[in-house]
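# Structural features, examined
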Amino acid sequence: QAIISMATGVRPACIGARVCPAVPLRRVGFHDRVRSARFVTVAAELAAGVVLTDDKNLNVNAQPEGQALPLETKVTSAVVDDDNVKRKKLWMAAIKPPMYSVGFIPVLVGGAAVFAELGMVPWSRCLGFVLAAISVIAWLNLSNDAFDAATGVDRTKPESIVNLTGNRGLVLAAANTFLLVGLTSLTYLLTATGDLRAAGMLAVAIVCGYVYQGPPFRLSYKGMGEPLCFVAFGLMATPAFYLALQPTPAVAAGAAAVAAAAAVAPITPLVWTLGVLVGITTTVILFCSHFHQIEGDKAAGKRSPLVRLGIPRAMQVLRVSLLVPYLLAVGGCAAGLMPATTLLGLALSVPSALGVWKYAVAHQNNVATLAFLKRFATKWHIVFGLCLVLGLMASRFPLMA
């Protein structure tokens, strides 16, 4: 009765005489029937979250220009706008812009190590490697979504690119395009150095990225994702970019000592230490991404570290993982492997590390909010990497060294 009254403007008689006495009904005209139809249409729009009809065709009492729209029209527009906002947020979560830092941080750290040792670095080539690395990470992101769609592990994941597009083949084709662009760029840039070690190490890193999710290996389903991540980004990519960013003889011709060092370019203990630091911070991102997916991983047969450990023990692993990089940096500086300025730089990243831990502790019993833990881990990874770069480069300046 309330719905009929709202739609038609007619006050109907109550069904039971005991509730209220019958009241006379006025005759329902054409305009009343149209308003009733429009109200039912708006109700359907609100339930589906989409616009099913055009107000201009049904609203016989259309408002003159400059006057407020009917309430139901405003509500429908608000629902549609809210749906568009949610979809944009899902796309941003699927694209994962901050995640591309795992590609460019090894490049920047490798370049900063070259600068700390030699006092120069080919910045244009460094920028080229950053773009190439981002292309490879785009391939990794898209291909992982496509591979996960084949196993059904992302069936209930709204931010999956395959779920958003509904076309797994298209996503895989886009991934392969990014890989082709990345490989072509890397090949072109690596020819400037002629160092086959860098090419070989980057090839191993890319292979690690494929066997992580790609068939028939799918090593992440066996709990091998974190070791592969550490090897790919820490032990392979960071030293490889260090080798690839050595000044060429033509660039270093003005300094004989620099030219001689660039010609040999051994992977120094400093670089291996930096690789371990980058590998740990990158792996923490992957580790944190499992906290809210335990049940889904179990259902898909994925033996992730969180499935094996459970949240209480995983929390202890996270705490150690956040602490170890700083202990290694202190040890590296004490042993003379790293310049002391790196400690000053890394001190600036401590609040970000504490932010990861505080969020994990506050939300460890809430699976829904634990999904945001990887955002805090990604922020820490970026801040830690940039502070490491800052500390390395500061060592070349007399006032800071």
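Residues numbered from 1 in each chain as written. Predicted model: local features only at pLDDT ≥ 70, side-chain atom pairs only at ≥ 80, totals over all residues. Heavy atoms only, no water.

## Description of the packing of helix 5 (residues 101–118) against helix 10 (residues 225–244)
Packing of helix 5 against helix 10 leaves a shortest axis separation of 8 Å and a crossing angle of 50°. As judged from the angle between their axes, helix 5 and helix 10 are oblique. Considering how the two elements wind past one another, helix 5 and helix 10 form a crossing that is right-handed. In this structure, helix 5 uses Val102, Pro106, Val107, Val109, Gly110, Ala113, Val114 and Glu117 to contact helix 10, whose residues at the interface are Phe233, Ala237, Thr238, Phe241 and Tyr242. Of the residues contributing to the contact of helix 5 with helix 10, the split by class is 10 nonpolar, two polar and one charged. (Axes fitted to C-alpha atoms, helices over the stretch in contact; angles between N-to-C directions. Helix = DSSP H or I, 4+ residues; strand = E, 2+ residues; numbered from the N terminus. Parallel < 35°, antiparallel > 145°, perpendicular 65-115°, else oblique. Left-handed = near helix turned anticlockwise from the far one by under 90°. Contact = heavy atoms within 4.5 Å. Nonpolar A, V, L, I, M, F, W, Y, C, P; charged D, E, K, R; others polar.)

## Focus on the pattern of salt bridges
Under the criterion given, the structure shown has one salt bridge. The salt bridge involving Arg197 is made with Asp195; its shortest N-O contact spans 2.8 Å. The class of Arg197 is partly exposed, set by a relative accessible area of 37%. (Salt bridge = Lys/Arg side-chain N within 4 Å of Asp/Glu carboxyl O. Buried < 20%, exposed > 50% of the residue type's maximum accessible area, 1.4 Å probe, protein only.)

## Quick look at the packing of aromatic side chains
Scanning the model with the defined rule gives seven aromatic pairs in all. Arranged with centres 5.8 Å apart and planes meeting at 90°, the rings of Phe147 and Tyr210 form a pair that is edge-to-face. Residue Phe147 is located in helix 6 (residues 123–151), and its partner Tyr210 is located in helix 9 (residues 196–213); the two are separated by 63 residues in the primary sequence. Here Phe147 falls in the buried class, since its relative accessible area comes to 8%. (Phe/Tyr/Trp six-rings, centres within 6.5 Å; stacked < 30°, edge-to-face > 60°.)

## A word on the nonpolar core
Counting residues in hydrophobic clusters, the biggest one holds 91 residues, and the most contacted among them are Phe129, Phe291, Leu318, Leu373 and Leu388. Among the elements that make up this core, the one with the highest residue count is helix 6 (12 residues). With residues up to four places along the chain from it excluded, the contact list for Leu388 reads Val109, Leu274, Leu277, Met338, Thr342 and Leu346. (Core = buried A, V, L, I, M, F, W, Y, C linked by side-chain atoms within 4.5 Å.)

## Considering helix 10
Here helix 10 is 20 residues long and its end C-alpha atoms lie 26 Å apart, about the 28 Å a rise of 1.5 Å per residue gives. Across the 20 residues of helix 10, 16 count as buried, placing the element largely inside the fold. (Expected span 1.5 Å × (residues − 1).)

## Focus: the environment of Ser143
When you line up the elements, Ser143 lands in helix 6. For Ser143, a relative accessible area of 2% puts it in the buried group. Separated by 28 residues in sequence, Ser143 and Val171 have C-alpha atoms that sit 7.3 Å apart. In this structure, Ser143 is in contact with Leu172 and Ala175, ignoring residues within four places of it in sequence. At 2.7 Å, the side chain of Ser143 forms a polar contact with the backbone oxygen of Trp139. Among the polar contacts listed, one links the side chain of Ser143 to the backbone oxygen of Leu140, at a separation of 3.3 Å. (Polar contact = N/O pair within 3.5 Å; in protein donor to acceptor, adjacent residues only side chain to side chain.)

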